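Analysis of the macromolecular model
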Amino acid sequence: MWAEMACDLAVLYPSKRNHITLVQSRRLMPRFHPALHDLVLKRFDELGVKTVLGVRAEVPEGGYEAVNERGGGEVKLVDGRALKADYVVRRSLLSPCATSSSFADSSTPTRAQIHALGQSPNSQLLSSSLPSAVLPSRYVRVSPSLLVAPTAPTEASTVNQRIFALGDVADSGAPKAARPAIMGQAPLVARNIARVLAPHPEHTPAVELETHTPGPAAIHLTLGHVDSVVFRNPRASGTDERGEPRWEGEPEVRWRDDGVEDMGIESVWERRIPGFVTGPQSYHL
């Protein structure tokens, strides 16, 4: 995530702190309560990371490879302003961001540029067999029981309580993170599959399935190599006239000093693939 990358750069290269600027078309962390925006912005201030909000970067045809090959160049913003970058790194993240020096009205010298692209759901498996189940956003349309839910009648009869989708690819209303899929959706889908496969009298109508109710979005966000925050949205009831959630209460915020780099990711590797990781050199880019 670009916020984590900006903080890592500032911590790893303290002499470059004043040369890091993030360009974001909306507020920071827009899927979360505005308190997370304020929290991340405060951390950026502590680390010397600058932000330019409410504007996008124009991506040239073919990307920024040509800029890198000639040792730097200009990155234009859609409002006519520009950043001059020594190097542009393309990452598959959530929002546009950049590292630069101070930002001026027209052209600003920049140490490096990190361009972040939106993630694309991998729903190609259904795009040919059940195309009406794939939304324009490429997420898979699902019912509250996480059954794939095509709108075409012929495709719906094909599904017949036999195809489920969960996790990031499913348009379930749940936040796009591992925990909701692992802790909530996967056990529910397993129980529903067991219900469907259980013996039923002939001509039994559709089996009654459990339904999934998404909880508030939450994130464990690193804001430096050892500093992190656990943030959970409050519940929301509908949206206001601007399309923003109507929050009920305040978010849950817990600051953490993990004492080890990267939230102790080595222990995760060790649990999943024992012996594969021998130190940071095994997974650092």
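Treat the numbers as computed from the prediction; the structure is a model and nothing was measured. (Residues numbered from 1 in each chain as written. Predicted model: local features only at pLDDT ≥ 70, side-chain atom pairs only at ≥ 80, totals over all residues. Heavy atoms only, no water.)

**Brief notes about helix H2 (residues 34–47)**
Under the convention used in this document: For the purposes of this entry, the term helix denotes a DSSP run of H or I that reaches at least four residues, the term strand denotes a run of E that reaches at least two, and both are numbered from the N terminus. Expected helix span is computed as 1.5 Å times (number of residues minus one). The classification of residues rests on relative accessible area computed with a 1.4 Å probe and restricted to protein chains. Under 20% of the type maximum is buried, over 50% is exposed, and intermediate values are partly exposed. By construction, the arc corresponds to the directions joining the helix axis to the C-beta atoms.
Counted at 1.5 Å a residue, the expected span for H2 with its 14 residues is 20 Å, and the 20 Å between its end C-alpha atoms agrees. Looking at H2, one finds that the buried residues are Leu-36, His-37, Leu-39, Val-40, Arg-43, Phe-44 and Leu-47. The buried residues of H2 occupy an angular sector of 165 degrees when projected down its axis, which confines them to one face. Residues Lys-42 and Asp-45 are exposed on H2 and point more than 90 degrees away from its buried face.

**Thoughts on the layout of surface pockets**
Empty pockets left among the atoms are what a rolling probe the size of a water molecule brings to light. To be explicit about the condition: Lining residues are those with an atom within 4 Å of a point, where the points come from a 1 Å grid over the protein atoms alone and group into cavities, where a 1.4 Å probe fits but cannot get out, or pockets, open sets with protein on both sides within 12 Å along at least five of seven lines. Grid points are joined across faces, edges and corners, and a volume is the space filled by probe spheres set on the points. Under the grouping applied here, Gly and all other residues not named as nonpolar or charged are polar, the nonpolar ones being Ala, Val, Leu, Ile, Met, Phe, Trp, Tyr, Cys and Pro and the charged ones Asp, Glu, Lys and Arg.
Of the voids in this model, the second largest pocket is the one considered here, and its volume is about 170 Å³. As for the second largest pocket, its lining consists of Asn-160, Gln-161, Arg-162, Val-196, His-200, Pro-201, Glu-202, His-203, Thr-204, Pro-205, Ala-206 and Val-207. When its residues are assigned to classes, the lining of the second largest pocket shows five nonpolar, five polar and two charged.

**Remarks on the pattern of salt bridges**
Note the following rule: By salt bridge we mean one thing: a side-chain nitrogen of Lys or Arg within 4 Å of a carboxyl oxygen of Asp or Glu.
The full count for this structure, using the stated rule, is ten salt bridges. A salt bridge links Glu-46 to Lys-42; the shortest N-O distance between them is 3.0 Å. Placement of both Glu-46 and Lys-42 in helix H2 is noted, with a separation of four residues, approximately one turn of the helix. Judged by relative accessible area, which is 46%, Glu-46 ranks as partly exposed. Take Lys-42: its relative accessible area is 53%, and that puts it in the exposed class. We note a salt bridge from Arg-232 to Glu-252, for which the minimum N-O separation is 4.0 Å. Within this pair, whereas Arg-232 is found in strand S11 (residues 227–232), its partner Glu-252 is found in strand S14 (residues 252–257), the two being separated by 20 residues in sequence. Looking at Arg-232, the relative accessible area reads 36%, which means it is partly exposed. What makes Glu-252 partly exposed here is its relative accessible area of 38%. In the salt-bridge network here, residues are joined through shared partners; they are Lys-42, Arg-43, Glu-46 and Asp-227.

**What about unusual backbone geometry?**
Although it is not a glycine, Arg-138 adopts a positive phi angle of roughly 80 degrees. Tracing the backbone shows Arg-138 in the loop between helix H4 (124–127) and strand S8 (140–141). A relative accessible area of 34% means that Arg-138 is categorised as partly exposed. The phi angle at Asn-160 is positive, at roughly 45 degrees, despite the residue not being glycine. In this structure, Asn-160 sits in the loop between helix H5 (153–159) and strand S9 (170–171).

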